[in-house]
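Descriptive analysis of the structure
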Amino acid sequence: MSAKRLFQPKPGEKLMMALHRHPITFLKYILIFIVLAGVPTFALAFVWGADGITVANPLGRVAIVLLGAAYYLGIWLAFFTQFVDHYLDISIVTDHRVIDIDQKGLFNRAVAELNLARIQDVTSEVKGFIPTVFNYGRVTIQTASESEHFIFENIHRPHAVRQRILDLAQGDRKHEAKEMLGEKISGVDVT
Amino acid sequence: MISIVAAWLLIPFLAFMAFFVFFGLVNIVHLLHYGPSLTLATLASIVFVGGSVVIIGYAWVALLGVDWGITYPLFNAGVLDGTGI
């Protein structure tokens, strides 16, 4: 899986899931971009009428072209920034831990990690018409600590993800218990 | 009559371009460095740069005939003091 380049696996650790936000949640930004891209055309047609744009002052023509270029470059940059923000939000689930990478704007990136064995409760929620149709929603992971919880927003198939995380957490707890038992047995003095 | 040299209009535009290039590069570096798929990150960066080149290209072509050294009237100050239109 391509998400492997985002984290350093421990010996024997396997990547189980890489969770992205559902692509449909990016659709609103595409629509906003299309509307903003169409605004100058409609505005100019409204101001100058249907006969076309005629600017007598050559300086006015230069100013309009430069302003137009700056406007389109501005909304193009905003759209790209939104894409980067959307694309870099990722949650990784291995057979031992959960890693949540959250990109908040350009200069704020948070990475949090949680051992699967510490998970107490996992809840999933699909709320609203569009999320129900496209099957995406929120998964919340609760640990023993009251304040510590992970929230995966707008991920695809949240109920299946919740079940998978619960299964992995149970497996990890068994694995840890076996290791602890093994250590105790090997620590017993038989002489 | 208040007049300015056409090239002066390029100053705010170039300031904006500096802002655009800086934030565009930050985005691309973020994408290539932290993106889960290098192929998709590269593709998205190429699309962004391509789109930017198209917009700048359109502006460039639209301004090809402009003589940047010529002074153009900005607006007629006579309108304000009542000496003329």
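Below, the structure is looked at part by part.

Some thoughts on the pattern of salt bridges
All names here are of chain A. Taken as a whole, this structure holds five salt bridges over all chains when the rule is applied. Note that Arg-21 is salt-bridged to Asp-89, the shortest N-O span being 2.4 Å. Placement of the pair is Arg-21 in the loop between strand E1 (15-20) and helix H1 (27-48) and Asp-89 in the loop between helix H2 (58-87) and strand E2 (90-94), with a sequence separation of 68 residues. Its relative accessible area of 9% is what places Asp-89 among the buried residues. With a shortest N-O distance of 2.9 Å, Arg-97 and Glu-113 are connected by a salt bridge. Here Arg-97 is found in strand E3 (residues 97-103), whereas its partner Glu-113 is found in strand E4 (residues 109-115), with 16 residues between them in sequence. A network of salt bridges, in which partner residues are shared, links Glu-13, Arg-97 and Glu-113.

Section: the nonpolar core
Ranked by internal contacts, the top residues of the largest apolar core, which has 27 residues, are Phe80(A), Phe20(B), Leu31(B) and Phe48(B). Sort the elements by how many residues they give to this core and H2(A) lands first, with twelve residues. Each residue touching Phe20(B), except ones within four places of it in the same chain, is listed here: Leu73(A), Leu77(A), Phe48(B) and Ser52(B). Membership of the second largest hydrophobic core comes to 17 residues, among which are Val93(A), Val122(A), Ile141(A) and Leu168(A).

A word on the environment of Val5(B)
Checked against the element boundaries, Val5(B) lands in strand E1 (residues 2-5). Apart from the residues within four sequence positions on either side, Val5(B) is in contact with Trp68(B), Gly69(B), Ile70(B) and Thr71(B).

Considerations on the packing of aromatic side chains
According to the stated counting rule, one finds 16 aromatic pairs over all chains in the structure shown. Plain terms: the ring middles of Trp76(A) and Phe48(B) are 6.1 Å apart, the flat faces sit at 20° to each other, and that makes the pair stacked. With Trp76(A) in helix H2 and Phe48(B) in helix H2 (residues 38-62), the pair connects residues from two separate chains. This pair shows no difference in class: Trp76(A) is buried, exactly as Phe48(B) is. Between Phe80(A) and Phe48(B) the ring centres are 4.1 Å apart and the planes differ by 10°, which places this aromatic pair in the stacked class. Of this pair, Phe80(A) sits in helix H2 while Phe48(B) is found in helix H2, placing the two residues in two different chains.

Calculation notes
Residues numbered from 1 in each chain as written. Chains lettered and ligands numbered in written order. Predicted model: local features only at pLDDT ≥ 70, side-chain atom pairs only at ≥ 80, totals over all residues. Heavy atoms only, no water. Salt bridge = Lys/Arg side-chain N within 4 Å of Asp/Glu carboxyl O. Helix = DSSP H or I, 4+ residues; strand = E, 2+ residues; numbered from the N terminus. Buried < 20%, exposed > 50% of the residue type's maximum accessible area, 1.4 Å probe, protein only. Core = buried A, V, L, I, M, F, W, Y, C linked by side-chain atoms within 4.5 Å. Contact = heavy atoms within 4.5 Å. Phe/Tyr/Trp six-rings, centres within 6.5 Å; stacked < 30°, edge-to-face > 60°.

Geometric values such as these leave the question of function open.
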